[in-house]
Amino acid sequence: SYLPKKKFKRGNQIVKLEQSDDFDDINFIPLDTKAILDGVQDDLIDRVYNKVLGSKQNIVLIGMPSCGKSTVGRLLAEKLGRPFYDTDKIIEEKTGRQCAEIIRNDGEAVFRNIESQVTLEVSKLSSVVIATGGGAVISEANRDNLHKNGTIWFIDRPIEKLITTANRPLSSDR
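As the structure is a computational prediction, the values presented were derived from the model and not from experiment.

Basis of the calculations
- Residues numbered from 1 in each chain as written.
- Predicted model: local features only at pLDDT ≥ 70, side-chain atom pairs only at ≥ 80, totals over all residues.
- Heavy atoms only, no water.
- Helix = DSSP H or I, 4+ residues; strand = E, 2+ residues; numbered from the N terminus.
- Areas by Shrake-Rupley, 256 points an atom, 1.4 Å probe, with all protein chains shown as cover.
- Pairing = 2+ DSSP bridges.
- Axes fitted to C-alpha atoms, helices over the stretch in contact; angles between N-to-C directions.
- Contact = heavy atoms within 4.5 Å.
- Core = buried A, V, L, I, M, F, W, Y, C linked by side-chain atoms within 4.5 Å.
- Buried < 20%, exposed > 50% of the residue type's maximum accessible area, 1.4 Å probe, protein only.
- Expected span 1.5 Å × (residues − 1).
- Arc of directions from axis to C-beta.
- pLDDT = per-residue confidence, 0-100.

**A short note on the overall build of the chain**
Secondary structure summary: the chain contains seven helices and seven strands in total. The order of α-helices and β-strands along the chain, N terminus first, is β-β-β-α-α-β-α-β-α-α-α-β-α-β. In the form shown here, the chain has an accessible surface area of approximately 11,900 Å², with 53% of it arising from carbon and sulfur atoms.

Below you can see the structure in the form of structure tokens.
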């Protein structure tokens with residue numbers, strides 16, 4: 001619909017634009033903002049705030065290596081219609097190397113530095129599902145970054161069900 005360009009403010013009043021069916025009549029109806037806000041119940045404001053916040057916050061999955069963060073994350077992202085980010089996969093894409101290879105050849109400190117950079121990047125996103133590497137939350141900076149715009153969920157899988165492979169050098173000697 002077409003609205004003629006007119007100022008929609010009158011002094012300090014907020015005005016609501018109403019348009020008739022023939023689009024020729026435009027009426028300005030002043031609204032008393034305080035009266036509107038006084039009529040809104042606090043619980044409604046809380047519900048709306050929490051709904052908007054929940055839709056914008058990231059869902060961050062943490063847990064031991066091989067506990068299912070990536071699998072659960074992919075399924076959750078698909079179910080919620082959100083993008084999915086796996087920090088280990090991002091590291092591998094950025095470096096062109098497997099995480100295990102970086103750890104074995106360059107050391108855990110180098111790997112953790114790369115992991116922290118990737119964690120910072122994904123923590124700046126909104127409305128996504130993030131699966132972190134098993135040791136990502138060892139770093140306080142990583143925990144803080146992930147928590148700024150995310151709700152952190154720990155996947156608690158019994159230790160006897162965790163699978164150790166050559167691709168998981170830091171958990172292979174448990």
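**Things to note about the sheet that holds strand S5 (residues 84-86)**
Pairing is parallel across the open sheet formed by four strands, whose spatial order is S5-S6-S4-S7. Two strands lie at the open edges of the sheet, namely S5 and strand S7 (150-154), each paired on one side alone. In this sheet, adjacent strand axes meet at a mean angle of 20 degrees when their direction is disregarded. Inspection of the sheet shows strand S4 (residues 58-62) paired to strand S6 (residues 129-131) by three bridges, in the parallel sense. Among the inter-strand pairings, Ile59 is bridged to a residue of S6, identified as Val129. Across the sheet, helix H7 (residues 140-148) lies against S4, S6 and S7, angled at about 120 degrees from S7, the strand it touches most.

**Regarding the nonpolar core**
The nonpolar side chains of a soluble globular protein tend to be buried, and buried together. In this structure, Val60, Ile91, Ile102, Phe111 and Ile130 are the most contacted members of the largest nonpolar core, which totals 14 residues. Looking at this core, the elements that each hand over two or more residues are S4, helix H4 (87-95), helix H5 (99-106) and helix H6 (108-123). The greatest single-element share of this core, amounting to four residues, is contributed by H6. Excluding residues within four positions of it along the chain, Ile91 makes contact with Gly96, Cys99, Ile102, Phe111, Ile114, Glu115 and Val118.

**Observations concerning helix H3 (residues 69-80)**
An α-helical turn contains 3.6 residues, so any two residues separated by three or four positions project in the same direction. Given a rise of 1.5 Å per residue, twelve residues ought to cover 16 Å, and the 16 Å separating the end C-alpha atoms of H3 matches this to within 8%. Among all positions of H3, only Lys69, Gly73 and Ala77 are buried. Within H3, the buried residues cover an arc of 55 degrees as seen down the axis, which keeps them to one side. Residues Leu75, Glu78 and Lys79 are exposed on H3 and point more than 90 degrees away from its buried face. Buried residues along H3 sit against S4, S5 and S6. A positive phi of about 70 degrees marks Gly81, the residue just after H3.

**Notes on unusual backbone geometry**
The backbone of Ser66 shows a phi angle near 70 degrees, a positive value even though the residue is not glycine. As for its position among the elements, Ser66 is in the loop between S4 and H3. We classify Ser66 as buried; its relative accessible area is 13%. For Ser127, which is not glycine, the phi dihedral falls at a positive 60 degrees. Note that Ser127 resides in the loop between H6 and S6.

**What to know about the confidence of the model for the chain**
Looking at the chain, pLDDT values average 79 and 69% of them are 70 or higher. Within the chain, S5 carries the highest mean pLDDT (98), whereas strand S1 (residues 9-10) carries the lowest (45). Here residues 1-24 is modelled with pLDDT under 50, and outside its nearest four sequence neighbours on either side it reaches 35 contacts, counting other chains as well.

**A short note on H6**
For H6, spanning 16 residues, the distance from its first C-alpha to its last is 22 Å, which sits close to the expected 22 Å at 1.5 Å a residue. All of the buried residues in H6 are Phe111, Arg112, Ile114, Glu115, Val118, Thr119, Val122 and Ser123. Within H6, the buried residues cover an arc of 165 degrees as seen down the axis, which keeps them to one side.

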